[in-house]
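Notes for the structure review
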Amino acid sequence: MSDNKMISKRDFFKKAGLVTAGAVGSTALAMPYVKAQSPIRWRLQTYAGPALAEHVIKPAIDAFNTAANGEMVIELYTADQLVPQGELFRAVQQGTIDAAQSDDDSMASPVDVAVFGAYFPLASRFSLDVPTLWNWYGLKEIWEEAYGEVPGVTWLSAGSWDPCNIATNKPVTSLADLKGLRLYTFPTGGRFLERFGVIPVTVPYEDFVPAMQTGELDGVAWCGSTEIHTVGWSEVLTHYLTNNISGAWAGSFFANTDKLNALPPHLRQLLTLAMDSSHYYRQHWYWWGEAHYRTTGKLALTTIAAEEWKQVEDEALKFWDEIAGQSPRSAKVVEILKNYAGIMNKAGSPYR
């Protein structure tokens with residue numbers, strides 16, 4: 001082909017009218033361009049101490065940070081590390097920290113439904129009761145309504161943890177053995193156990209072992225067998241009562257409202273997925289652990305006979321009715337719990 005018949009690509013585009021200042025500019029702007037920027041950073045404090053946090057929240061936070069791909073980082077802090085547990089709600093509200101994982105009860109949430117967080121006596125028998133009550137029986141909407149009345153904090157999601165059993169440094173085989181026991185426990189659980197002569201004691205989470213060693217405490221009604229062994233409390237306890245005060249701890253995630261609203265939709269969705277992942281992990285970890293540590297753990301098992309334990313169950317229903325009187329919303333929650341219990345009993349095994 002002769003030189004005068006050869007046409008370059010540029011000549012072709014010129015003749016086609018495509019090479020213009022505007023077209024060149026458009027081509028330049030279409031090139032990928034990434035602007036370096038600092039990731040969004042949140043500080044989240046959990047109710048759990050370091051050993052327990054390794055299971056109840058760290059896997060989900062690690063997964064979130066990986067999936068966020070540098071756009072956001074959640075820094076995890078354990079119990080009392082930034083603020084005392086009893087000040088956790090206010091710290092989120094004031095923006096001292098950005099998010100929290102806790103029960104409503106021990107973090108002093110200023111809502112009427114806070115009493116149902118943690119271990120509301122005999123409200124659940126198994127861990128699946130908690131997500132079922134929140135997602136299928138209306139508690140989710142009630143919690144959203146209650147926290148919607150409090151500025152600065154958004155309730156995000158509830159899930160279940162382990163049962164609440166009594167573990168002590170002496171055997172408990174009857175209700176009479178509970179009298180005078182000084183137990184580390186949750187606020188509402190403590191109020192209920194006082195009816196049977198228990199003396200509730202509040203200490204910082206990390207001070208439980210020293211308090212047992214010095215005789216300040218006789219035991220704990222804070223958790224199940226999994227946690228007792230995971231965090232080392234089995235070194236200062238000797239006996240484990242198999243009758244539980246509640247079948248599952250009800251805890252939630254909370255966030256500072258302004259910080260939450262500032263998140264782009266995809267990171268907020270990722271946060272939801274991470275919370276769901278946390279809830280799922282705990283379901284199978286605790287279900288495994290409760291049986292594993294009962295059968296291979298260090299504590300001797302004791303049981304209060306069913307006919308005597310029925311006094312505790314009957315007293316729990318009286319306690320429910322008293323709590324129902326604190327507000328119309330509390331009465332609605334108690335109505336749901338009673339309805340749910342009736343359905344589960346009617347359904348029979350394996351539900352009840």
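Above: the structure in question.
I will try to describe carefully the structure that is included in this document.

Rules of the game
- All chains use their own residue numbering, which begins from 1 and follows the written sequence.
- Local features in a predicted model are, by the rule used here, given only for residues with pLDDT of at least 70; side-chain atom pairs are given and counted only at 80 or more, and totals for whole chains, interfaces and linings are based on all residues.
- Here the side-chain values reflect all heavy atoms present in the structure, with hydrogen atoms and water set aside.
- Every helix listed is a DSSP run of H or I at least four residues long, and every strand listed is a run of E at least two residues long, numbered separately from the N terminus.
- In this scheme, a residue with accessible area under 20% of its type's maximum is buried, one over 50% is exposed, and one in between is partly exposed, where area comes from a 1.4 Å probe on protein chains only.
- In what follows, residue pairs with any heavy atoms lying within 4.5 Å of each other are defined as contacts.
- Reported accessibility uses the Shrake-Rupley method at a 1.4 Å probe radius. Residues are deemed covered only where the shown protein chains occlude them.
- In short, DSSP must find at least two bridges between two strands for them to pair.
- Throughout, an axis means a line fitted to C-alpha atoms (over the contacting stretch in the case of helices), and angles, computed between N-to-C directions, take values from 0 to 180 degrees.
- We count a salt bridge whenever a side-chain nitrogen from Lys or Arg sits within 4 Å of a carboxyl oxygen from Asp or Glu.
- By disulfide we mean two sulfur atoms from cysteines, separated by a distance within 2.5 Å.
- N or O atoms closer than or at 3.5 Å make up a polar contact, with two conditions inside protein: a donor-capable atom paired with an acceptor-capable one, and, for residues adjacent in sequence, both atoms drawn from side chains.
- Between rings of Phe, Tyr and Trp, where Trp is taken as its six-membered ring, a pair exists when centres lie within 6.5 Å; planes separated by under 30 degrees are stacked, by over 60 edge-to-face, and by other angles tilted.
- The rule is short: NZ of Lys or CZ of Arg within 6 Å of the ring centre and within 35 degrees of the ring normal puts a charge over the ring.

Brief notes about the overall build of the protein
Helix and strand counts for the protein stand at 14 helices and 11 strands. Sorting the 352 residues of the protein into buried and exposed places 49% on the buried side. Summarising the internal contacts of the protein: among those between residues at least 6 apart in sequence, 78% fall at separations of at least 24. Entry remark: accessible area of the protein is about 17,000 Å², with carbon and sulfur atoms responsible for 56%.

Let's talk about the sheet that holds strand 7 (residues 199-201)
The strand order across the open sheet formed by six strands is 7-6-8-5-9-11, and the pairing between neighbours is mixed. With partners counted over all chains shown, the strands left at the sheet margins are strand 7 and strand 11 (300-302), one partner each. For this sheet the average axis-to-axis angle between neighbouring strands, irrespective of direction, equals 30°.

Topic: the pattern of salt bridges
One pass over the structure, following the stated rule, counts 16 salt bridges. A salt bridge links Asp-112 to Arg-329; the shortest N-O distance between them is 3.1 Å. A residue pair is termed long-range when its members are at least 10 positions apart, and Asp-112 in the loop between strand 3 (99-102) and helix 6 (129-136) and Arg-329 in helix 14 (residues 328-347) qualify at 217 residues. A relative accessible area of 22% places Asp-112 in the partly exposed class. Assessed through its relative accessible area of 13%, Arg-329 is described here as buried. Between Arg-195 and Glu-322 there is a salt bridge, and its shortest N-O distance comes to 2.4 Å.

Examining the sheet that holds strand 4 (residues 153-160)
Ordered in space as 2-1-3-10-4, the five strands form an open sheet in which the pairing is mixed. Looking along the sheet, the strands with just one partner apiece sit at the ends: strand 2 (72-77) and strand 4. Looking at each pair of strands side by side, their axes are set apart by 20° on average, direction ignored. Summarising the sheet, strand 4 and strand 10 (residues 250-256) pair through seven bridges and their orientation is antiparallel. Note that in strand 10 the partner of Ser-157 across the bridge is Phe-253. Packed onto the sheet, helix 4 (residues 58-67) meets strand 1 (40-46) and strand 2 and runs at close to 160° relative to strand 2. Across the sheet, helix 7 (residues 139-148) lies against strand 4 and strand 10, angled at about 155° from strand 4, the strand it touches most.

Some details on the state of the cysteines
Inspection of every chain in the model, using the stated rule, returns zero disulfides. Sulfur of Cys-164: no disulfide; nearest cysteine sulfur belongs to Cys-223 and is 7.5 Å away.

Let's talk about the side chain of Thr-185
Structurally, Thr-185 can be placed in strand 6 (residues 182-185). For Thr-185, a relative accessible area of 6% puts it in the buried group. Engagement of the side chain of Thr-185 in a polar contact is seen with the backbone oxygen of Ala-221, the distance being 2.7 Å. In contact with Thr-185, other than residues within four places in its own chain, are Gly-190, Leu-193, Pro-200, Val-201, Ala-221 and Trp-222.

Some remarks on the packing of aromatic side chains
Per the counting criterion, the structure on display carries 24 aromatic pairs. Plain terms: the ring middles of Phe-192 and Phe-319 are 5.6 Å apart, the flat faces sit at 65° to each other, and that makes the pair edge-to-face. Here Phe-319 lies in helix 13 (residues 306-324) and Phe-192 lies in helix 8 (residues 187-193), a separation of 127 residues in the sequence. Residue classification places Phe-192 among the buried residues on the basis of a relative accessible area of 0%. Put simply, the rings of Tyr-47, Tyr-119, Trp-161, Tyr-184, Phe-186, Tyr-205, Phe-208, Trp-222, Trp-233 and Trp-249 pair up and form one aromatic cluster. A cation over an aromatic ring shows up here: Arg-43 above the ring of Tyr-77, its NZ or CZ 5.9 Å from the ring centre. Seen from the ring of Trp-161, Arg-282 lies directly overhead, with NZ or CZ sitting 3.4 Å from the centre.

Section: the pairing of strand 3
Every second residue of strand 3 is oriented toward a common face, with Ala-99 and Gln-101 on one face and Ala-100 and Ser-102 on the other, all of them buried. Of the pairings in the sheet, the one linking strand 1 to strand 3 comprises three bridges and is parallel in character. The residue of strand 3 that forms the bridge with Thr-46 is Gln-101. By the bridge criterion, four bridges tie strand 3 to strand 10 in an arrangement that is antiparallel. Bridging across to strand 10, Ala-100 finds its partner in Phe-254.

A closer look at the environment of Gly-251
For Gly-251, the location among the structural elements is in strand 10. The exposure class of Gly-251 is buried, given its relative accessible area of 0%. C-alpha of Gly-251 to C-alpha of Val-130: the two residues are 121 residues apart in sequence and 9.2 Å apart in space. Sequence-distant contacts of Gly-251, that is, excluding residues within four places in its chain, are made with Ser-102, Asp-103, Ser-157, Ala-158, Gly-159 and Trp-161.

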